[in-house]
Amino acid sequence: MDLISRIGQHFEDSARTKLDALELLAAPIAGAVETMVGSLVNNGRILACGNGGSAGDAQHFAAELVGRFEAERQGLAAIALTTDTSIITAVGNDYSFEQVFARQVRALGQPGDVLLAISTSGNSGNVIAAIHAAHEHDMRVVALTGRDGGRIGELLRDDDIHICVPSERTARIQETHLLAIHCLCDGIDCLLLGVEE
Ligand SMILES: O=C(CO)[C@@H](O)[C@H](O)[C@H](O)[C@H](O)COP(=O)(O)O
Ligand SMILES: [Zn+2]
């Protein structure tokens, strides 16, 4: 396949994955918006974590809450647990890489806060450990996963929210995660500000 055809295939696959996911994901995304707004209006914070491309997604989400998405509003309390290389290297070096997010959840998380846990496989050990830490702190979890949801899908509680992209391909799952993140940002603004457009 030549490059132009490959690129066309990526565009088509990406668009199809997103459209196919709509029916399955609209309700959990809406539920996640309500969960996050419920936390934010009660002085809660959203902590976000993930590895690789999902670390970028965690930071993207936090930037749009602390900064802004499309509407002008006050900054909202979100922290990406992926950005402080001193914390990540110290915890990874002194404890284990599995603890790099959990340690931060235990240090920063308060009851009523929300953990946004992002993993395309649903099997990353440090994201799983962060979910356990969040549960210990009476935090609810919004999990963005893919494939069959992996181990994360099995450990979520009834009041957590699972947004599981029905695809087997990491790139497609990540692309749909970004769409879901923008839906979260838009929904949060909509509920907080009554933004219609
Ligand atoms: O962005 C990509 C692949 O598209 C990679 O950086 C990817 O995020 C990394 O391999 C992650 O370690 C995968 O972890 P996960 O999504 O399975 O939790
Ligand atoms: Zn990627």
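The structure we're discussing is the one just above.
Computed from a predicted model, the values in this text were never measured in an experiment.

1. A few points about the overall build of the chain
Part 1 of the argument: Scanning the chain for helices and strands turns up 7 helices and 5 strands.
Part 2 of the argument: Mapped from its N terminus to its C terminus, the chain presents α and β elements in the order α-β-α-β-α-α-β-α-β-α-β-α.
Part 3 of the argument: Its C-alpha radius of gyration of 17 Å places the chain within 12% of the 16 Å reference for a compact globule of 197 residues.
Part 4 of the argument: Across its three principal axes, the chain shows a C-alpha extent of roughly 50 × 45 × 30 Å.
Part 5 of the argument: Taking all 197 residues of the chain together, 47% fall into the buried category.

2. Remarks on the sheet that holds strand 4 (residues 140-146)
Part 1 of the argument: The 5 strands are arranged 2-1-3-4-5 in an open sheet whose pairing can be described as parallel. At either end of the open sheet lies a strand with only one pairing partner, and these are strand 2 (78-80) and strand 5 (161-165). Across the sheet, the mean angle separating the axes of adjacent strands is 15° when strand polarity is ignored.
Part 2 of the argument: Examined bridge by bridge, strand 1 (residues 46-49) and strand 2 share 3 bridges and lie parallel to one another. Residue Ala48 lies in a different strand from strand 2, and its bridge partner there is Ala80.
Part 3 of the argument: This element, helix 1 (residues 3-40), spans strand 1, strand 3 (114-118), strand 4 and strand 5 of the sheet and lies at about 155° to strand 5.
Part 4 of the argument: Packed onto the sheet, helix 7 (residues 170-193) meets strand 3, strand 4 and strand 5 and runs at close to 145° relative to strand 4.

3. What to know about the site of ligand 1
Part 1 of the argument: Every residue near ligand 1 is listed here: Asn51, Gly52, Gly53, Ser119, Thr120, Ser121, Ser124, Thr170 and Gln174.
Part 2 of the argument: For ligand 1, an oxygen atom lies 2.9 Å from a polar atom in the backbone of Gly53.
Part 3 of the argument: Separating an oxygen atom of ligand 1 from a side-chain N or O atom of Ser119 is a distance of 2.6 Å.
Part 4 of the argument: Alone, ligand 1 offers 460 Å² of accessible surface; in the complex the protein occludes 59% of this.

Here is what the cut-offs are and how they apply
The written sequence of each chain sets the order in which its residues are numbered from 1. Chains and ligands are labelled by the order in which they are written, letters from A for the one and numbers from 1 for the other. Only residues with pLDDT of at least 70 get local features here, since the model is predicted, and only at 80 or more are side-chain atom pairs given and counted; chain-wide, interface and lining totals rely on the full set of residues. With hydrogens and water set aside, each side-chain value is computed from the structure's full complement of heavy atoms. Think of it this way: any DSSP run of H or I at least four residues long counts as a helix, any run of E at least two long counts as a strand, and we number them from the N terminus. Radius of gyration here uses only the C-alpha atoms, and the compact-globule reference equals 2.2 Å multiplied by the residue count raised to the power 0.38. Each residue is placed in one exposure class: buried if its accessible area under a 1.4 Å probe, protein chains only, is under 20% of its type's maximum, exposed if it is over 50%, and partly exposed if it falls in between. Strands pair, by our definition, only if DSSP identifies at least two bridges between them. Angles shown run from 0 to 180 degrees and are taken between the N-to-C directions of axes, each axis being a line fitted to C-alpha atoms and, for helices, limited to the stretch in contact. Should any heavy atoms of two residues lie within 4.5 Å, those residues are considered in contact. One heavy atom within 4 Å of a molecule or strand makes the whole residue count as near it. For this analysis, a polar contact is any N or O atom pair within 3.5 Å, provided that within protein one partner can donate a hydrogen and the other can accept it, and provided that sequence-adjacent residues contribute only side-chain to side-chain pairs. All accessible-area figures derive from a Shrake-Rupley calculation using a 1.4 Å probe, and residue coverage is judged against the displayed protein chains alone.

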